[in-house]
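Structural overview
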Amino acid sequence: MKSIVKPILTIFLCSFLLLGCAGQKISQYANEKPSLDLSEYFSGTVDAYGIFTDRSGAVVKRFTVLIQASWRMVDGKKVGTLDESFEYSDGTKQKRIWTLTEVAPGRYTGKADDVVGEASGSSAGNALNWAYTLALPVDGTIYHVQFDDWMYLVTPKVMINKAQMSKFGIHLGEVTLSFYKR
């Protein structure tokens, strides 16, 4: 009896760990409405209001973002520019300019000066999922942290964004944003 308990416990533990790794998939949002058209939503002026929470859930920073967005056709592909101006609760300011490219229907790449390499994203229904590495300055040191970024269109004017931040697979915190399209 003792010899069978250990293998059963091992199988149970492995199954539990694998289930814990299973996350949401963009395809599960395919039928959700309103449908998100990235080039339509991020066109013109968009305001965002956000918080950064540490791994305990405590709010570390609050911020606002003013986004000026536009799209154009380049070599038959939609290319967007999101010019983001951040203002943090401690008075600091930051600028990030994204260049987004629709590489296939519902598939995007993105670049910005503080993004390491290239962001990749997929959309379906009312949702968009981005994955990227950000060069994040903290107390004079730059850390490369990974973002798993999910955006959900709630109404044609409101979108909610939740982004998990990690390094070496260790959860560091979360960014929560509310976007409002003017």
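Residues numbered from 1 in each chain as written. Predicted model: local features only at pLDDT ≥ 70, side-chain atom pairs only at ≥ 80, totals over all residues. Heavy atoms only, no water.

Once that is clear, we can look at the packing of aromatic side chains. The tally for this structure, following the rule as stated, stands at 11 aromatic pairs. Each residue in the set W98, W130, Y132 and F147 is aromatic and connected to the rest through ring pairs, giving one cluster. Note that K61 overlies the ring of Y88, its terminal NZ or CZ placed 4.8 Å from the centroid. Over the ring of F168 we find K167; its NZ or CZ atom is 4.6 Å from the centre of that ring. (Phe/Tyr/Trp six-rings, centres within 6.5 Å; stacked < 30°, edge-to-face > 60°. Lys NZ or Arg CZ within 6 Å of the ring centre and 35° of its normal.)

Residue placement: N126 occurs in the loop between β6 (115-124) and β7 (127-138). On the basis of relative accessibility, which here comes to 9%, the residue N126 falls in the buried class. (Helix = DSSP H or I, 4+ residues; strand = E, 2+ residues; numbered from the N terminus. Buried < 20%, exposed > 50% of the residue type's maximum accessible area, 1.4 Å probe, protein only.)

Attention now goes to the side chain of E84. Checked against the element boundaries, E84 lands in strand β3 (residues 77-88). A distance of 3.4 Å separates polar atoms of two side chains, one belonging to E84 and the other to W98. Not counting chain neighbours up to four residues away, the residues in contact with E84 comprise V65, L66, I67, Q94, K95, R96 and W98. (Polar contact = N/O pair within 3.5 Å; in protein donor to acceptor, adjacent residues only side chain to side chain. Contact = heavy atoms within 4.5 Å.)

Turning next to the environment of S27. Mapping S27 onto the fold places it in the loop between α1 (2-21) and α2 (38-41). A relative accessible area of 52% means that S27 is categorised as exposed. Residues S27 and A127, spaced 100 residues apart in sequence, show a C-alpha to C-alpha distance of 9.1 Å.

A few words on the nonpolar core. Formed by 34 residues in total, the largest nonpolar core has its most connected members in F42 and F179. Judged by nonpolar contacts, the second largest core, of 6 residues, contains I26, Y29, A124 and Y152. (Core = buried A, V, L, I, M, F, W, Y, C linked by side-chain atoms within 4.5 Å.)

Strands sit in the order β1-β2-β3-β4-β5-β6-β7-β8-β9-β10 around a closed barrel of 10 strands; the barrel is antiparallel. Strand-to-strand twist across the sheet, computed as the mean angle between neighbouring axes with direction ignored, equals 25 degrees. Here strand β4 (residues 93-104) pairs with strand β5 (residues 107-111) via 5 bridges, running antiparallel. When the bridges of β5 are listed, T99 appears paired with K111. (Pairing = 2+ DSSP bridges. Axes fitted to C-alpha atoms, helices over the stretch in contact; angles between N-to-C directions.)

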